[in-house]
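For reference, the chains in residue letters:
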Amino acid sequence: MDIGEDSLRFGSVPVTTSRNMSSSSSVFLSANQSPFFSPRSPTCQLSESARSDARCDGIHLSADPLSSSSGIPEPESIANVRFTTSDISAAAAACTASDFQKFGRVSSPAGVSNSNISSYSLAHDNGYAGLRENHRKHGRSYGMSYTPVSVSLSCNRLRSCDVFIGLHGCKPSLMRFANWLRAELEVQGMSCFVSDRARCRNSRKHAIVERAMDISSFGVVILTRKSFRNPYSIEELRYFSGKKNLVPIFFDLSPGDCLVRDIVEKRGELWEKNGGELWVLYGGLEKEWKEAVNGLSRVDEWKLEAQEGNCRDCILRAVTLLAMKLGRRSVVERLTKWREKVDKEEFPFPRNENFIGRKKELSELEFILFGDITGDSERDYFELKARTRRKNLTIGWSKSASLEERRKERQWKGGSRKGKEPVVWKESEKEIEMQSTEAPQRQKTKSSGRYPRRKRSTKILYGKGIACVTGDSGIGKTELLLEFAYRYHQRYKMVLWVGGESRYIRQNYLNLWSFLDVDVGIENCSDKSRIKSFEEQEEAAICRVRKELMRNIPFLVIIDNLESEKDWWDDKLVMDLLPRFGGETHIIISTRLPRVMNLEPLKLSYLSGVEAMSLMQGSVKDYPITEVDALRVIEEKVGRLTMGLAVVGAILSELPINPSRLLDTINRMPLRDLSWNGRESHSLRRNTFLFQLFEVCFSIFDHADGPRSLATRMVLAGGWFAPAAIPVSLLALAAHKIPEKHKGTHLWRKLLLSLTCGFTSSYTKRSEAEASSMLLRFNIARSSTRQGYIHFNDLVKLYARKRGVTGVAHAMVQAVISRGSITHHSGHIWTACFLLFGFGNDLKVVELKVSELLYLVKEVVLPVAIRTFITFSRCSAALELLRLCTNALEAADHALVTPVEKLLDKSLCWRPVQTNAQLNPTLWQELALTRATVLETRAKLMLRGGQFDIGDDLIRKAVFIRTSISGEDHPDTIAARETLSKLTRLLANVQIHTSP
């Protein structure tokens, strides 16, 4: 978090910030030292006051003149403490570049009722300004250079604190863990004070930290292998152990590793380098050191281990245990419910246990997101290919490159060197640099300790938390992202999976509200002085989700299959949905687009020959040479797409067929007539062999279950559903509604069903399960983590839509209308509306009868539109749906009042010519009243956005219809007139205020 972002909370620091502000409800405490402030920040004079509950009377911060007072503060106040911001050398910035900026603040948890004020400080310095003179004597110098910028604060009545967090070190993973723990405690309403006392500069800051230790209910000490040589960590262990409130967290350690004898005698690989008589390093006492280390073995209840693969579990367990000890039962219950929800709904797909290859891509993704590689991934080597005219690229650049260095950078880039050069990558404490081997003059200078800033920094963002994966459809982008998410999910509080299809991405993004516990509804409006426009209300909902993602709590946001950089509804950039880059939340985007947001993508290539062969062979591993050659031919013809290879492997595993016979079968399989026009024509033309392979699968399904098997029809129906998980019951219902080709067969099946009506339900359920199981076994569909749901790949859905079977889209719409749930199947309901009403430039695909249209409007369209508007603040989409619905009702009304003479020959009819409305007056009245309901609903929604003139016109039409049919005294007519009066009054007020 930048100082500019925090300063805005005080309203006194004129600092230009980025587009998004962090949501961490924190302010800086005066015990803080320079690394948390940008060297370019102006002088800060800060003031803030906050109230807490019964356990914390309050912390008051105000800008006071400088005072020379020092020492331990009095019990009721901590006053007149001064520190200076500074310019930090590269060595210090290595420890504080982005993570340390989150520490050293007084914090009040936002959005938590009855929460304590949280105060914490991580005081930094270039040496130990300790409690004893010998600490200063053996202090470590970090080589900082300071440019004073004065900030003065006073802190009064610091009376209570829930948790003190002590740590030592500057490892990025340690900083990330401590940031996460502190932010999670804040969100749950527990006040905390964070400190690395080894970096405090003077005794006044030590005094503040000591005061926080005294008043804290629990003391959390994050232990690393370097903590045992730090006098302050040892003192914290002794102090909190003596108070019986020590909570040790073993970071990359285990309790069994922390034995006095092993450390002193340097036993084991762990202590061979870091062990010894560590108390000598800081001039401490052996007895005190051994007493502190031995005290860890007596803390049985709080043995928390934070390893590479359990950071999330460790933090949630620590927060839960602390909440229990502090008596916060509501916090424990909330965390338990959240954990249960996450366990069920975090991932859209189960993990692929047969995942093959992609080690290089997984390692590179980790490197792009984190800026370093840890654990097993260190063994997975990857190359960074040389690029034309790209001689030197700094990754993880400093924030304070000097003007002189920028001038030299421009001069250097204007040099005459051309062509490609070999590139190597090296690692330093500060950053990672891709450097030309022929440019030794680009080494880091000792004087400045900076790397020059790149002019086009958005091209490669290693370590900035944003990655883009691009590749053809079916090549395995989703599989790669899914494997990465499962492999590294413990580094994040949660994996948030967002479908990137242009019509659905905004709704999918807003659906995250249930996991983030944020209200995105239209009624959540704090500014009652004026009515916000629809655009402002939509932006406010997006901002609330984005704000939660900008806390110091790490999330992994995966946007899968991004279709366009712009939203389909309003052409706004998808980037507006995302939190700022460089924060704790990481973002991965998969797309078929060549480039997104000017980011240089990770281009996903094909599997290697060995990996592709392993995927195709399935359970049969020993094939003769001729069959292996057939497999290689299939691999080439299928376009080496991972999906096609998986289908081939499934067929060879499920059926007694060899590769050569399968190849011959695919080649002889006729391909259905497809419409090659449209934007999908390129995918259709290049994947003809893959589509022939799909036809082979359909033939297998028909052979197993008879002609027009349920599995085949489920695939055809699935092509028209939304790009989301499809419930098998809904999919099977749509498949059953696909019209039969032969009427006789259809009649025979009806007779059979009537004779076996008592066994129909159980047989149907069994056949649905068997059909879905067959689709999963042959990799035509993939399973979902939601019980009873399946997914289809985009290529499968594309072929199903283009296969040309009539009536499938109509069957899908009928199934969704009759069985769809507005809460659970909203995406599929919207897809049905797209097919029915023709949004944008799309043509209507499905036509309904008037009776079906009335049922659709009353039972589906109105509830969906109101829910979309009120619950998700998607005003434009809801209003457009209602507008198109009104047009459809008007068209149906026009058809009803059309004279029948246009359809019948007068010579055959001696009676007077009538209209359909006269022949069926009840249907016509119901249609007119339904149209009035839609018009009235639109008018009421227009009120929410201040569009009174449009609302007035709509409600007048509704009043006219209701008066004509129901009469003036009908309750619905009276209610409509009341709405009209309200709109007329508001419209008159607007005209009065806007008139000159």
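Structure shown above.
No experiment lies behind these values; they were computed from the predicted model shown. Residue numbers run consecutively from 1 along every chain, following the written order of its sequence. Owing to the predicted nature of the model, reporting of local features is limited to residues with pLDDT of at least 70; listing and counting of side-chain atom pairs is limited to 80 or more, with chain, interface and lining totals taken over all residues. As a convention, hydrogens and water are excluded, and side-chain values are obtained from all of the structure's heavy atoms.

1. Here's the deal with the pairing of strand β16 (residues 466-470)
Any residue under 20% of the maximum accessible area for its type is buried, any over 50% is exposed, and the rest in between are partly exposed; the area is computed with a 1.4 Å probe on protein chains only. What counts as a helix is a DSSP run of H or I of at least four residues, what counts as a strand is a run of E of at least two, and both are numbered from the N terminus. With 5 of its 5 residues buried, β16 lies for the most part within the structure. Of the two faces of β16, the one carrying I466, C468 and T470 and the one carrying A467 and V469 are both buried.

2. Brief notes about the sheet that holds strand β22 (residues 781-783)
A pair of strands is considered paired only if DSSP assigns at least 2 bridges between the two. Spatial ordering of the open sheet is given by β21-β23-β22, a layout of 3 strands whose pairing is antiparallel. Here the strands that pair on one side only, and so sit at the sheet edges, are β21 (726-727) and β22. Relative to strand β23 (residues 789-792), β22 is paired through 3 bridges, and the arrangement is antiparallel. Directly across from A781, in β23, lies its bridge partner F792.

3. Examining the environment of D794
On the secondary structure map, D794 appears in helix α28 (residues 794-802). D794 sits in the partly exposed class, given a relative accessible area of 28%. Between the C-alpha atom of D794 and that of G474, which follows or precedes it by 320 residues, the distance is 7.8 Å. Counting of polar contacts relies on pairs of N or O atoms within 3.5 Å, with two restrictions inside protein: one atom must be capable of donating a hydrogen and the other of accepting it, and residues adjacent in sequence are counted only when both atoms are side-chain atoms. Within the structure, the side chain of D794 is placed 3.5 Å from the side chain of R592, a separation counted as a polar contact.

4. Describing the sheet that holds strand β9 (residues 192-195)
Hydrogen bonds between backbone atoms are what pair the strands of a sheet, whose relative direction is either parallel or antiparallel. Spatially, β9-β8-β10-β11-β12 is the arrangement adopted by the 5 strands of the open sheet, whose pairing is parallel. The outermost strands of the open sheet, each flanked by one partner alone, are β9 and β12 (304-306). The sheet shows a mean angle of 20° between the axes of neighbouring strands, direction not considered. Relative to β12, strand β11 (residues 246-251) runs parallel, the two sharing 3 bridges. Along β12, the bridge assignment pairs F250 with E305. In this fold helix α6 (residues 231-242) packs onto β8 (161-166), β10 (216-223) and β11, with an angle of close to 145° to the strand it touches most, β10. Sitting on the sheet, helix α10 (residues 311-325) is in contact with β8, β10, β11 and β12, with an inclination near 150° to β12. What counts as an axis is a line fitted to C-alpha atoms, over the stretch in contact for a helix, and the angles between N-to-C directions run from 0 to 180 degrees. Here, residues are in contact when the closest pair of their heavy atoms is within 4.5 Å.

5. Some words on the nonpolar core
One finds L775, I780, F792 and F837 to be the most contacted residues of the largest nonpolar core, which totals 156 residues. Counting residues per element, this core draws most heavily on helix α32 (residues 875-896), which supplies 12 residues. If near-sequence neighbours (up to four positions away) are discounted, F837 is found in contact with K844, L853, L856, V861, L881, L884, C885 and A888. Among the nonpolar cores identified, the runner-up in size contains 100 residues, and C192, L304, A318 and V331 belong to it. Note on terminology: a nonpolar core comprises buried Ala, Val, Leu, Ile, Met, Phe, Trp, Tyr and Cys residues joined through side-chain atoms within 4.5 Å.

6. Section: the pairing of β11
With 6 of 6 residues buried, β11 is to be regarded as a mostly interior element. Neither face of β11 is open: one carries L246, P248 and F250, the other V247, I249 and F251, and all of them are buried. Bridging between β10 and β11 involves 5 bridges; their strand directions are parallel. Each bridged residue has a counterpart across the sheet, and for L223 the counterpart in β11 is F250.

7. Topic: unusual backbone geometry
In the Ramachandran plot, K244 falls in the positive-phi region, its phi being about 60° despite a non-glycine side chain. For K244, a relative accessible area of 75% translates into the label exposed. With a phi angle near 60°, D517 is a residue other than glycine that sits in the positive phi range. Mapped onto the elements of the fold, D517 is located in the loop between α16 (513-516) and α17 (534-549).

8. Some remarks on the pattern of salt bridges
Salt bridge, as used here: a side-chain nitrogen of Lys or Arg that lies within 4 Å of a carboxyl oxygen of Asp or Glu. Evaluation of the coordinates by the stated rule reveals 41 salt bridges. Residue E479 is joined to R782 by a salt bridge in which the shortest nitrogen-to-oxygen separation is 2.8 Å. With E479 in helix α14 (residues 477-488) and R782 in strand β22, this residue pair connects regions lying 303 residues apart in the sequence. Through salt bridges with shared partners, a single ionic network connects R506, E538, D567 and D570.

9. Description of the packing of aromatic side chains
Note on aromatic pairs: the rings of Phe, Tyr and Trp (six-membered ring only in Trp) are paired at centre separations within 6.5 Å, and the planes decide the class, stacked below 30 degrees, edge-to-face beyond 60, tilted for the rest. Tallying each qualifying case throughout the model produces 26 aromatic pairs. Plain terms: the ring middles of F484 and Y488 are 4.6 Å apart, the flat faces sit at 45° to each other, and that makes the pair tilted. Here F484 pairs with Y488, and both are found in helix α14, just 4 residues apart, close to one helical turn. Under the relative-accessibility criterion, Y488 is labelled buried at 6%. Members of the aromatic cluster, joined through ring pairs, are Y504, W568, W569, W830, F834 and F839. Here the guanidinium or amino end of R782 rests over the ring plane of F349, the centre of that ring lying 4.2 Å away. Sitting over a ring, as applied to charges here, requires NZ of Lys or CZ of Arg to be within 6 Å of the ring centre and within 35 degrees of the ring normal. Just above the ring of W830 sits the side chain of R874; from NZ or CZ to the centre is 5.8 Å.

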